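Letter by letter, the chains look like this.
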Amino acid sequence: MGCGRTGATLASEFESRGHSVAVIDARADAFRRLPSHFKGQKITGLGFDRDTLSAAGAEEAYAFAAVSDGDNSNILAARVVRETYGVENVVARIADSGRAEVYRRLGIPTVAPVPWTAAQIVTRLLPGGSDALYADVDAGIAMRRLPFNDGWVGHACKELEHASGARIAYLTRFGAAVLPDDQTVLQDGDDVYAIVAAATERAAIKAFGHPPQGTS
C-alpha cells in the first residue's frame, strides 16, 4: 500500500525477484512512479478497505507492506490485513518513532525512517560511530559497521572477535566483500561488519576502538 518512491521501489524489487505484486494507492496518478515494464496489479483505493484488499488478492498474500505517507493509514491497513486476512508477514512504515515503538510492542513490525536516517548521517559525519545495518530488537542482536583501532591492522579477525565478543560477518576491502576465515588478517582501510548482542554492544564497540592488549 502506497505507491510513492518507497512503494514503487519495493514493488519493482519484489517483481524482479519473481514475485507477483499488487500495488494499492488512493491516487491513480501515483502509479506513474512504477517502471514501464511493471506487470503487477495497480489497484486504486484505500489500503485498509476490505473490497480494495480483496481486489488486490489479500486472501492469498504472503506479505503486505504499508508504506503510504500516513502513519494512521499504515497501521490500520497492517492490522486489517493481519487480523482479517491472516497475513502474518506485515510491516508498516511509521514516521513517528515513538508510535512505531508502541506498535512494535503490540506485534506490528514497523520501520521508522527518521531515526534510521539520522543515525546514518551521524555515523558518517562523526568519527568512531557505529553504523547499524540490521537490528532484531526482539532477539537483542544487530549487525553493525564497527570502526576498529589502527592497532588491529595485521591481526587476525578471530583475535578481534575474541577480544570484543562480536562475530565478524564480513569485511569490505577495496570495494569488494570478504568473508573472513581463521586466516583472514585485518588491513588498513577495511570496513568491518560485525554481529553484536545488545547486552554486550557497548563492550564490543569499546574493544574495537582500543588497540589489542599489550600494544599502545
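Below is a summary of the structure that appears in this document.

### As for the pairing of strand β8 (residues 167-173)
For a regular strand, side chains alternate in direction, first toward one face of the sheet and then toward the other. Pairing analysis gives five bridges linking β8 to strand β10 (residues 191-197), with the strands arranged antiparallel. Paired with Y170 across the strands is Y193, a residue of β10. Where β8 meets strand β9 (residues 176-178), three bridges bridge the pair, whose relative direction is antiparallel. From the neighbouring strand, L171 faces β9, where its bridge partner is V178. Linkage of β8 to β9, two consecutive antiparallel strands, is achieved through a turn of two residues, within which F174 is found at a positive phi near 55°.

### Section: the pattern of salt bridges
Side chains that carry opposite charge are capable of pairing whenever their charged atoms lie near each other. Going through the model one piece at a time under the given rule, you end up with six salt bridges. With a closest N to O distance of 3.2 Å, R79 and E83 form a salt bridge. With a gap of four residues between them, R79 and E83 both fall in helix α3 (residues 71-85), about one helical turn apart. The residue R144 makes a salt bridge to E201 at a minimum N-O spacing of 2.7 Å.

### Considering the packing of aromatic side chains
Throughout the structure, instances matching the rule amount to one aromatic pair. Measuring from ring centre to ring centre gives 4.5 Å for Y170 and Y193, while their planes differ by 5°; the resulting arrangement is stacked. Taken together, the positions of Y170 in strand β8 and Y193 in strand β10 put the pair 23 residues apart, joining distant regions of the chain.

### Considerations on helix α1 (residues 5-16)
Helix length check: α1, at 12 residues, gives a terminal C-alpha distance of 16 Å against a target of 16 Å (1.5 Å per residue), a fit within 8%. Among the residues of α1, those classed as buried are G7, A8, A11 and E15. Viewed end-on, α1 has its buried residues packed into an arc of 100°, placing them on one side of the element. Opposite the buried face of α1, at more than 90 degrees from it, the exposed residues are R5, T9 and S16. Turning to α1, the residues buried within the fold contact β1 (22-25). Positioned one or two residues after α1, G18 has a phi angle of 95°, which is positive.

### Regarding unusual backbone geometry
Peptide bonds are mostly trans, and most non-glycine residues show a negative phi. Of note in this structure, F174 is not a glycine but carries a positive phi near 55°. Locating F174 in the fold gives a position in the loop between β8 and β9.

### Observations regarding the environment of A26
Looking at where A26 falls in the secondary structure, it is placed in the loop between β1 and β2 (41-44). For the pair formed by A26 and M1, sequence separation is 25 residues and the distance between their alpha carbons is 9.0 Å. Beyond its immediate chain neighbours, meaning those up to four positions away, A26 contacts T44, G45 and L46.

### Observations regarding helix α7 (residues 201-209)
Within α7, the full set of buried residues consists of E201, A204, A207 and F208. One face of α7 carries all of its buried residues, which in axial projection span an arc of 125°. Opposite the buried face of α7, at more than 90 degrees from it, the exposed residues are R202 and K206. Packing partners of the buried residues in α7 comprise β7 (141-145), α6 (157-164) and β10.

### Thoughts on the packing of α6 against α7
Closest axis-to-axis distance for the α6/α7 pair is 8 Å, and the angle between their directions is 135°. The orientation of α6 with respect to α7, classified from their angle, is oblique. As for the relative orientation of α6 and α7, their crossing is right-handed in sense. On α7, the residues touching L160, A163 and S164 of α6 are A204, A207 and F208. Residue composition of the contact of α6 with α7, grouped by class: five nonpolar, one polar and no charged.

Criteria and cut-off values
Residues numbered from 1 in each chain as written. Predicted model: local features only at pLDDT ≥ 70, side-chain atom pairs only at ≥ 80, totals over all residues. Heavy atoms only, no water. Pairing = 2+ DSSP bridges. Helix = DSSP H or I, 4+ residues; strand = E, 2+ residues; numbered from the N terminus. Salt bridge = Lys/Arg side-chain N within 4 Å of Asp/Glu carboxyl O. Phe/Tyr/Trp six-rings, centres within 6.5 Å; stacked < 30°, edge-to-face > 60°. Expected span 1.5 Å × (residues − 1). Buried < 20%, exposed > 50% of the residue type's maximum accessible area, 1.4 Å probe, protein only. Arc of directions from axis to C-beta. Contact = heavy atoms within 4.5 Å. Axes fitted to C-alpha atoms, helices over the stretch in contact; angles between N-to-C directions. Parallel < 35°, antiparallel > 145°, perpendicular 65-115°, else oblique. Left-handed = near helix turned anticlockwise from the far one by under 90°. Nonpolar A, V, L, I, M, F, W, Y, C, P; charged D, E, K, R; others polar.

Honestly, that's just the spatial picture; any functional story needs more than this.
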